[in-house]
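Coordinate inspection notes
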Amino acid sequence: MEFLSLAYAGVSSPAAREWPRFASDVLAMMVWEGADGTQYLKMDERKYRIAIHPGEKDRLLYFGWDVLDDEALAEGVRRAQAAGLEAGWASDRECEVRMVNRMSWFVDRNGIRHEFCFGQLREHPRSFIPPRAHAGFVTGQQGFGHAVLFVPDLEKTLDLFVRMMGMRISDETDLGPYGRAVFLLCNARWHTLGVLGRPGHRGLHHFAVQTRELEDVGVAYDACQSAGIPITMTLGQHDNDRSLSFYCRTPSGFDFEYSWGAVEVVDGPWIPTLLRKEKVSDGQLWGHQIIDAGPQSSIEIFDQE
Ligand SMILES: [Fe+2]
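Basis of the calculations
Residues numbered from 1 in each chain as written. Predicted model: local features only at pLDDT ≥ 70, side-chain atom pairs only at ≥ 80, totals over all residues. Heavy atoms only, no water. Core = buried A, V, L, I, M, F, W, Y, C linked by side-chain atoms within 4.5 Å. Buried < 20%, exposed > 50% of the residue type's maximum accessible area, 1.4 Å probe, protein only. Helix = DSSP H or I, 4+ residues; strand = E, 2+ residues; numbered from the N terminus. Domains from an automatic or database assignment. Contact = heavy atoms within 4.5 Å. Buried area = accessible area lost by both parts, 1.4 Å probe. Salt bridge = Lys/Arg side-chain N within 4 Å of Asp/Glu carboxyl O. Donors = N, O, S within 2.8 Å, 3.2 Å for Na, K, Ca; no water. Phe/Tyr/Trp six-rings, centres within 6.5 Å; stacked < 30°, edge-to-face > 60°. Lys NZ or Arg CZ within 6 Å of the ring centre and 35° of its normal. Pairing = 2+ DSSP bridges. Axes fitted to C-alpha atoms, helices over the stretch in contact; angles between N-to-C directions.

Details of the nonpolar core
Counting residues in each nonpolar core, the largest one holds 62 residues, and the members touching the most others are Leu 27, Phe 63, Trp 65, Phe 207 and Phe 256. Take this core: its biggest share by element is five residues, from helix H4 (residues 154-164). Inspection of this core shows a minimum of three residues originating in each of domain 1 (3-120) and domain 2 (140-297). Excluding residues within four positions of it along the chain, Phe 63 makes contact with Leu 6, Tyr 8, Ala 9, Ile 112, Arg 113, His 114, Glu 115, Ala 147, Leu 149, Leu 193 and Phe 207. Of all hydrophobic cores here, the second largest spans 13 residues; its members include Tyr 40, Tyr 48, Trp 105 and Cys 117.

Quick word on the domain arrangement of the chain
When cut into domains, the chain gives domain 1 (3-120) and domain 2 (140-297). Relative placement of domain 1 and domain 2: their C-alpha centres are 20 Å apart. In this assembly, 39 residues from domain 1 lie in contact with 41 residues from domain 2. For the pair domain 1 and domain 2, the summed buried area comes to about 3,000 Å², and 73% of that belongs to carbon and sulfur atoms. It is Leu 6, Val 26 and Asn 110 in domain 1 that bury the most area against domain 2; as a group they hold 19% of the surface buried on that side. Applying the counting criterion to the domain 1 and domain 2 interface returns zero salt bridges. Of all the secondary structure elements, the ones that give two or more residues to the side of domain 1 that touches domain 2 are strand S1 (3-13), helix H1 (19-25), strand S4 (50-54), strand S5 (59-67), helix H2 (70-82) and strand S8 (113-120).

Description of the coordination of the iron ion
Looking at the iron ion, the protein donor atoms are His 146 (NE2), His 206 (NE2) and Glu 257 (OE), and they sit 2.0 to 2.2 Å from it. Read N to C, the donor residues that coordinate the iron ion are spaced as H-x59-H-x50-E. Within this pair, whereas His 206 is found in strand S13 (residues 201-211), its partner Glu 257 is found in strand S16 (residues 255-260), the two being separated by 51 residues in sequence.

Side note on unusual backbone geometry
Even without being glycine, Met 99 reaches a positive phi, approximately 65 degrees. Structurally, the position occupied by Met 99 is in the loop between helix H3 (92-98) and strand S7 (100-107).

Section: the packing of aromatic side chains
A full pass over the atoms with the stated rule returns 14 aromatic pairs. Taking 5.9 Å as the distance between ring centres and 50 degrees as the angle between the ring planes, the aromatic pair formed by Phe 63 and Trp 65 counts as tilted. Among the aromatic side chains, those forming a connected cluster through ring pairs are Tyr 8, Trp 32, Tyr 40, Tyr 48 and Tyr 62. Its end group placed over the ring of Tyr 62, Arg 98 keeps NZ or CZ at 3.6 Å from the ring centre. Between the NZ or CZ atom of Arg 202 and the centre of the ring of Phe 302, over which it lies, the distance is 4.1 Å.

Some details on the sheet that holds S7
Strands in a sheet are paired, the pairing made by backbone hydrogen bonds, and the direction either parallel or antiparallel. The eight strands lie next to each other as S2-S3-S4-S1-S5-S8-S7-S6, forming an open sheet whose pairing is mixed. Two strands lie at the open edges of the sheet, namely strand S2 (30-33) and strand S6 (87-89), each paired on one side alone. Across the sheet, the mean angle from the axis of one strand to that of its neighbour is 20 degrees, orientation sign disregarded. Summarising the sheet, S1 and S5 pair through eight bridges and their orientation is antiparallel. Note on S5: the bridge partner recorded for Ser 12 is Arg 59. Contacting S5, S6, S7 and S8, H2 crosses the sheet at an angle of about 155 degrees to S6.

Dropping the structure here:
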């Protein structure tokens, strides 16, 4: 199935009102508020990329996927229904709320709504005016970034993303007792989704965005510390996509990775690799020390048979 990239994502949070300061001061993004108090984060010419809806719990609600054409919208519904999932076409009102031309959707087994969209609202190419000097983010055909999820059943999740949605595996990491992480690609971005299988855990671990220039990661690292926002992984470099990044805890309980310089996956045969580590922090090229900022409220923990 042909789809292009992660167009947008939405979460709910009791801390939605804390986002304008965080997104502006730390992430260097523009923020605008919807009539219902939703905070919309703008980081390129698209009207928004991340939406924080006021809500009782910190929860990932939906992903929006850019697709190539109407046929892909229909194919998404067909495949989801064939897999026994609830799926359908969005109403005009739903399209208006998400600011897209046309949309179909399905809900996965972890309760996340996936929306295939055609024609997300785009503003002037120079409409992203960062709140501080900033060279902008890598978006375009690579979508707005990546997301990493905790899932209770990795095989079922891979069934969905790989076999139903047609994503490819960029690499896997076996973390022994900590689970198995699989990274999935759908364009030149090394991974658009990462899924970490951990029984009894479900939710959003982090979103990541990538800056065009290295300096903007450094400035954000300083800004994060000046704003008193907890850093959850110090500056360092990943051993898979080679990106240089740091992680901080957002007001909504999940983490945000701010990165630069990931290797791009070019067309042609891609050979996934498997990495074995004893713990999450092993095998980083350098840095990325984990700093415990407490449990993530965005991850639901439940009894699993
Ligand atoms: Fe990441």
